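# Results of the structural survey
The chain contents come next:
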Amino acid sequence: MNTFSIPAEPYDFALRPDACALLVIDMQRDFLEPGGFGESLGNDVSLLRRTIAPIRTLLAAWRALAWPVLHTREGHAPDLSDLHASKRMRGSPSRGIGDPGPMGRILVRGEPGHEIVPELVPVAGEPVVDKRGKGAFYATDLDVLLQARGIRQLVVVGVTTEVCVHTTVREANDRGYECLVPSDCTGSYFPEFHEAGLAMIKAQGGIFGWVTRSPELLAAIERLPSSTKSP
Ligand code: C5J
């Protein structure tokens, strides 16, 4: 099977067009818009919005190639029966999970705040994996969905770098997936944590994965021979 070299750190990523999915983590209003979960924890949510445009461009490229795209959302059942007490109490938020807010109940499935931001709304055929934890594999069908599609590589984007993106990359790495993270397509409420999170992924010869930037990834994809441009 052919692989294509993507400039990355700590060394080039050998992308397999037949086995590589785009995984968009938690680009939800609750994390990116005022009045949601992120802001209730005291964060400046505007810091995450720079990720929307590059993710949108990457999504468009992936869709044009008919390569697999999957999305995740963090949230809980309306009766909060899947919310551990330890998570509910964490952070002393001004409004806690399940409490009413301007975008509906905080981090609850079915509420406006739980939805993916309008710029990145999933299209038909793109699975949306609802998760209750930080990692996208914990208590979800993600692994099954990836295996069924023959996916062995993940381009992981979304928020936040050091929490749900990082946890997911670590979990994916342990399951044998190769993960490539475009740095401009992930973000954190803490710029220093963003940098540290990326540094941890690519350290020690790429102990969890590879880091690139979306312009480099897109440029490499555009150079792919046309025969590889659909599965
Ligand atoms: C957080 C996430 N930060 N999606 N969730 O609580 O990273």
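Residues numbered from 1 in each chain as written. Predicted model: local features only at pLDDT ≥ 70, side-chain atom pairs only at ≥ 80, totals over all residues. Heavy atoms only, no water.

## Focus on unusual backbone geometry
Here the amide bond leading from E9 into P10 is cis, since omega sits at 10°, within 30 degrees of zero. Note on placement: P10 falls in the loop between β1 (4-6) and β2 (13-15). At the junction of V159 and T160, the peptide bond is cis and its omega measures out at -10° in the coordinates. Mapped onto the elements of the fold, T160 is located in the loop between β8 (153-159) and α6 (161-174). Of note in this structure, L107 is not a glycine but carries a positive phi near 55°. Take L107: it is sitting in the loop between β6 (104-105) and β7 (128-131). Here A139, not a glycine, exhibits a phi torsion of approximately 55°, which is positive. Mapped onto the secondary structure, A139 falls in the loop between β7 and α5 (142-148). Residue classification places A139 among the partly exposed residues on the basis of a relative accessible area of 43%. (Helix = DSSP H or I, 4+ residues; strand = E, 2+ residues; numbered from the N terminus. Buried < 20%, exposed > 50% of the residue type's maximum accessible area, 1.4 Å probe, protein only.)

## Some details on the packing of α6 against helix α7 (residues 191-206)
As a packed pair, α6 and α7 sit with axes 10 Å apart at the nearest point and diverge in direction by 15°. As the angle between them shows, α6 and α7 are arranged roughly parallel. When the axes of α6 and α7 are compared, the crossing they make is right-handed. Contacts between α6 and α7 involve T161, E162, H166, V169 and R170 from the former and F193, H194, G197, L198, M200 and I201 from the latter. Residue classes in the contact of α6 with α7 are distributed as five nonpolar, four polar and two charged. (Axes fitted to C-alpha atoms, helices over the stretch in contact; angles between N-to-C directions. Parallel < 35°, antiparallel > 145°, perpendicular 65-115°, else oblique. Left-handed = near helix turned anticlockwise from the far one by under 90°. Contact = heavy atoms within 4.5 Å. Nonpolar A, V, L, I, M, F, W, Y, C, P; charged D, E, K, R; others polar.)

## What about the environment of E115?
Take E115: it is sitting in the loop between β6 and β7. For the pair E115 and R213, spaced 98 residues apart in sequence, the C-alpha separation works out to 26 Å. Among residues more than four places away in sequence, those in contact with E115 are M27, Q28, R29 and R73. Looking at E115, its side chain comes within polar contact range of the side chain of R73, at 3.4 Å. (Polar contact = N/O pair within 3.5 Å; in protein donor to acceptor, adjacent residues only side chain to side chain.)

## Here we look at the pattern of salt bridges
Throughout the structure, instances matching the rule amount to 13 salt bridges. Here D82 and R109 are joined by a salt bridge, their closest N and O atoms 3.0 Å apart. Placement of the pair is D82 in the loop between β4 (69-74) and α4 (85-89) and R109 in the loop between β6 and β7, with a sequence separation of 27 residues. Residue class for R109 comes out partly exposed when judged on its relative accessible area of 24%. Here the salt bridges do not stand alone but share partners, grouping R73, E115 and D130 into one network. (Salt bridge = Lys/Arg side-chain N within 4 Å of Asp/Glu carboxyl O.)

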